[in-house]
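Per-entry structural report
Given next are the chains, with one letter for each unit.
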Amino acid sequence: MEERRDRLRGLGELFRRLRREAGLTGKELAQRAQVGQPTISRIETGQLLPTPETVERVAAALGLGERDRGELDALLARLRDEVSRLRGGLAGQEAANAARVRSAQWIAVFSSAMIPTLLQTAEYARLALAVGRDVDEEDAAKAAAVRVEAQAVLFEESRKFAFVLTEGAVRTWPGSPSLMLAQLDRLVQVSTLPHVRLGVVPWRTEAPAFPLHGFTLVDGAVSVVESLTGDLTLTEPGEIAMHEDAFEAFAAAAEYGDALRDFLGEIGADFRKLAAQLEK
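Residues numbered from 1 in each chain as written. Predicted model: local features only at pLDDT ≥ 70, side-chain atom pairs only at ≥ 80, totals over all residues. Heavy atoms only, no water.

**A closer look at the packing of aromatic side chains**
Selection rule: Here is the rule: rings of Phe, Tyr and Trp (six-membered ring for Trp) pair when centre to centre is within 6.5 Å. Planes less than 30 degrees apart are stacked, more than 60 are edge-to-face, and the remainder are tilted. For the purposes of this entry, the term helix denotes a DSSP run of H or I that reaches at least four residues, the term strand denotes a run of E that reaches at least two, and both are numbered from the N terminus. Only protein chains enter the accessibility calculation, which uses a 1.4 Å probe. A residue is then buried if its area is under 20% of the maximum for its type, exposed if over 50%, and partly exposed in between. Whether a charge sits over a ring comes down to the Lys NZ or Arg CZ being within 6 Å of the ring centre and within 35 degrees of the ring normal.
Under the counting rule described, the total for this entry stands at 3 aromatic pairs. Ring centres 5.7 Å apart and planes at 40 degrees place the aromatic pair Phe110 and Phe215 in the tilted group. A residue pair is termed long-range when its members are at least 10 positions apart, and Phe110 in strand β1 (residues 106-111) and Phe215 in strand β4 (residues 215-218) qualify at 105 residues. What makes Phe215 buried here is its relative accessible area of 5%. By the ring-pair criterion, three or more aromatic residues cluster together here, those being Phe110, Phe215 and Phe250. Arg197 extends its terminal NZ or CZ atom over the ring of Tyr256, reaching a point 4.0 Å from the ring centre.

**A look at the pattern of salt bridges**
Which entries qualify depends on this criterion: Definition used for salt bridges: Asp or Glu carboxyl oxygen within 4 Å of a side-chain nitrogen of Lys or Arg.
Per the stated rule, a full pass over the model turns up 13 salt bridges. The residue Arg69 makes a salt bridge to Glu56 at a minimum N-O spacing of 2.6 Å. A residue pair is termed long-range when its members are at least 10 positions apart, and Arg69 in helix α5 (residues 66-87) and Glu56 in helix α4 (residues 52-62) qualify at 13 residues. Across the pair Arg126 and Glu123 runs a salt bridge, and its minimum N-O distance is 2.9 Å. With a gap of 3 residues between them, Arg126 and Glu123 both fall in helix α7 (residues 122-130), about one helical turn apart. You can call Arg126 partly exposed: its relative accessible area is 33%. Classification of Glu123 as partly exposed rests on a relative accessible area of 36%. Three or more residues joined by partner-sharing salt bridges are found here, namely Arg17, Glu21 and Glu71.

**What about helix α2 (residues 26-33)?**
Worth spelling out the cut-off: What the arc describes is the spread of directions from the helix axis to the C-beta atoms.
For α2, the set of buried residues is Gly26, Leu29, Ala30 and Ala33. Relative to the axis of α2, the buried residues are bounded by an arc of 100 degrees and lie together on one face. α2 presents Gln31 and Arg32 as exposed residues on the side facing more than 90 degrees away from its buried surface. Positive backbone phi, at 60 degrees, marks Gln34, one or two positions downstream of α2.

**Looking at the pairing of β1**
Note the following rule: Any two strands are treated as partners once DSSP identifies two or more bridges connecting them.
Counting buried positions along β1 gives 5 out of 6 residues, so the element sits mostly inside the fold. Of the pairings in the sheet, the one linking β1 to strand β2 (residues 160-166) comprises 6 bridges and is parallel in character. Opposite Ser111, over in β2, you have Leu165 as the bridge partner. One ladder, built from 4 bridges, connects β1 with β4; its direction is antiparallel. Residue Ile107 lies in a different strand from β4, and its bridge partner there is Val218.

**Examining the nonpolar core**
What counts here: Grouping buried Ala, Val, Leu, Ile, Met, Phe, Trp, Tyr and Cys residues that are joined through side-chain atoms within 4.5 Å yields what is termed a nonpolar core. Whether two residues are in contact is decided by their heavy atoms, any of which lying within 4.5 Å being enough.
Core analysis: the biggest nonpolar cluster contains 39 residues, and Leu11, Leu29, Val58, Leu62, Leu72, Val164 and Phe247 have the highest contact counts within it. Beyond its immediate sequence surroundings of up to four residues, Phe247 is in contact with Ala108, Val109, Phe110, Ala162, Phe163, Val164, Phe215 and Leu217. The next biggest cluster of nonpolar side chains, apart from the first, holds 32 residues, and it includes Leu165, Leu184, Val200 and Ile267.

**Section: the side chain of Thr166**
Within the fold, Thr166 resides in strand β2. Other than its neighbours up to four places away in sequence, Thr166 contacts Phe110, Ser111, Ser112, Val200, Val201 and Pro211.

Here it is as structure tokens:
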């Protein structure tokens, strides 16, 4: 992992050097390449491995020669190989995530698409790791076991947790609607823990913002954004502040306590009806 971080930092330094040699600011490069300025910033600070499309756009915008393009491609090839091997080891990736959670005292999670990892049942976790992905089933099962084992921290009263989900996250079901009944029971159980705050924003409530992606705030110093190509770890104070504001906005719109449990009961009834329809 540390070697990969060093390569990402090296890639960022290379991008920054090539941009400066071209006499461009980050904003000017973003405009020429038609990519977001935050994307350029995250690449240059070693926080993001760019997609092939982004690389092509940036290379064209910089007018790279054969030597510079060769240096860039070689570094990108090593990074993508390391990422590919990392993806082949889901259990190791989950162990690293678990270590990050164990080191934290305060965690806040916003999710608009799925049940957060700390709240998933074993079956939900296995499907979350495997559905729609070309993964080894045995590796996915081991990773799910690691993920569920890491949830023990939820019961440590010395820590504080806050979860805010949208109704869409609760209603999106992998595998079958039947497994969601056990998942809803899990949410109800966690909602009774005194040091855990769990809320859900119903569809009937006006959204305070567009929930573009989920994120996990760790001790107010880091925000981890899960993407299709891997986690993005944000540490800039401005970015952390924006995520904290978004979390608080959705938290203010959520339902908690008995109202939440009644609401989860309504969703459970809908899943039972759906399961019965599919069995016909």
